[in-house]
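Results of the structural survey
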Amino acid sequence: MGNAPCCGESIPGPLLLGDTFIDFTAPCTCTATTPDGKISWHEYIKDSWAILFSHPAAFTPICTTELGVMGVMGSELKKRGVKVCGLSCDSVANDEEW
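Scope of this entry: the structure provided in the associated data block. Values in this document were obtained by computation on a predicted structure and should not be read as measured data.

In this section: the overall build of the protein. Each helix and strand in the protein was counted, giving three helices and six strands. Ordered by position in the sequence, the α and β elements of the protein form the string β-β-β-β-α-β-α-β-α. Within the span of the protein, comprising 98 residues, buried residues form 19% of the whole. Across the protein, the fraction of contacts at a sequence separation of at least 24, relative to all contacts at a separation of at least 6, is 46%. Carbon and sulfur atoms form 60% of the exposed surface of the protein, whose accessible area is close to 7,000 Å².

Written out as structure tokens, the structure is:
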């Protein structure tokens, strides 16, 4: 993670471009699922650049806009070897319905 100086010491700061995000496993509706329907972040991205974005809730205008933008940018990101994953606070069933 990035570091920000404070009183001569380094403290954890925001993630910076190129920082490694923590590995996590979560339920998933995408094609990168494991046999048990979960995604492992580091296994999914491997050595690629990746965009992990979150949205507040399904069926809201903001979510539709964010997902739409990622959809429009999808082919260009894929050409550049960038993987995209949307993180939701909703249940898998709710996301599938949406």
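There is more to say after this.
The next thing to look at is the packing of aromatic side chains. All told, the structure shown has three aromatic pairs when counted by the stated rule. Aromatic pair Trp41 and Tyr44: ring centres 6.1 Å apart, planes at 45°, arrangement tilted. Of this pair, Trp41 and Tyr44 both sit in helix 1 (residues 41-45), three residues apart, which is roughly one turn of the helix. Look at Tyr44 and you get buried, because its relative accessible area is 19%. Taking the ring centre of Tyr44 as reference, the NZ or CZ of Lys83 above it sits at 5.3 Å.

Once that is clear, we can look at the nonpolar core. Grouped together as the largest cluster of nonpolar side chains are eight residues: Phe24, Ala26, Cys28, Ile39, Trp41, Tyr44, Ile45 and Cys85. Here this core gets three residues from one element, more than from any other, and that element is helix 1.

Checked against the element boundaries, Phe53 lands in strand 5 (residues 49-55). Judged by relative accessible area, Phe53 falls into the buried class, the value being 14%. In the structure, Phe53 is positioned 14 residues away from Leu67 in sequence and 9.4 Å away in space, judged by C-alpha atoms. Those residues within four positions of Phe53 in sequence are excluded, and the remaining contacts are Glu66, Leu67, Met70, Val84, Cys85, Gly86 and Leu87.

It is worth spelling out the layout of surface pockets at this point. A probe as big as a water molecule, rolled over the atoms, marks out the empty space that is left. When its volume is computed, the second largest pocket comes out at roughly 440 Å³. Gly18, Asp19, Phe21, Trp49 and Ala50 are the residues nearest the centre of the second largest pocket, which is lined by 16 residues in total. Among the secondary structure elements, those contributing two or more residues to the lining of the second largest pocket are helix 1 and strand 5. It is strand 5 that contributes the most residues to the lining of the second largest pocket, four residues altogether. Class assignment for the residues of the lining of the second largest pocket results in ten nonpolar, four polar and two charged.

Once that is clear, we can look at the pattern of salt bridges. Counted by the stated rule, this structure contains three salt bridges. Between Lys79 and Glu76 there is a salt bridge, with the nearest N and O atoms lying 3.1 Å from each other. Within this pair, Lys79 and its partner Glu76 are both found in helix 2 (residues 61-79), separated by three residues, close to a single helical turn. The exposure class of Lys79 is exposed, given its relative accessible area of 67%. Overall, Glu76 belongs to the partly exposed group, its relative accessible area being 32%. One connected set of salt bridges, linked through shared partners, spans Glu76, Lys79 and Arg80.

Parameters and conventions
- Residues numbered from 1 in each chain as written.
- Predicted model: local features only at pLDDT ≥ 70, side-chain atom pairs only at ≥ 80, totals over all residues.
- Heavy atoms only, no water.
- Helix = DSSP H or I, 4+ residues; strand = E, 2+ residues; numbered from the N terminus.
- Buried < 20%, exposed > 50% of the residue type's maximum accessible area, 1.4 Å probe, protein only.
- Contact = heavy atoms within 4.5 Å.
- Areas by Shrake-Rupley, 256 points an atom, 1.4 Å probe, with all protein chains shown as cover.
- Phe/Tyr/Trp six-rings, centres within 6.5 Å; stacked < 30°, edge-to-face > 60°.
- Lys NZ or Arg CZ within 6 Å of the ring centre and 35° of its normal.
- Core = buried A, V, L, I, M, F, W, Y, C linked by side-chain atoms within 4.5 Å.
- 1 Å grid on protein atoms, 1.4 Å probe; cavity = no way out; pocket = protein on both sides within 12 Å on 5 of 7 lines; lining within 4 Å.
- Points joined across faces, edges and corners; volume = space filled by probe spheres on them.
- Nonpolar A, V, L, I, M, F, W, Y, C, P; charged D, E, K, R; others polar.
- Salt bridge = Lys/Arg side-chain N within 4 Å of Asp/Glu carboxyl O.

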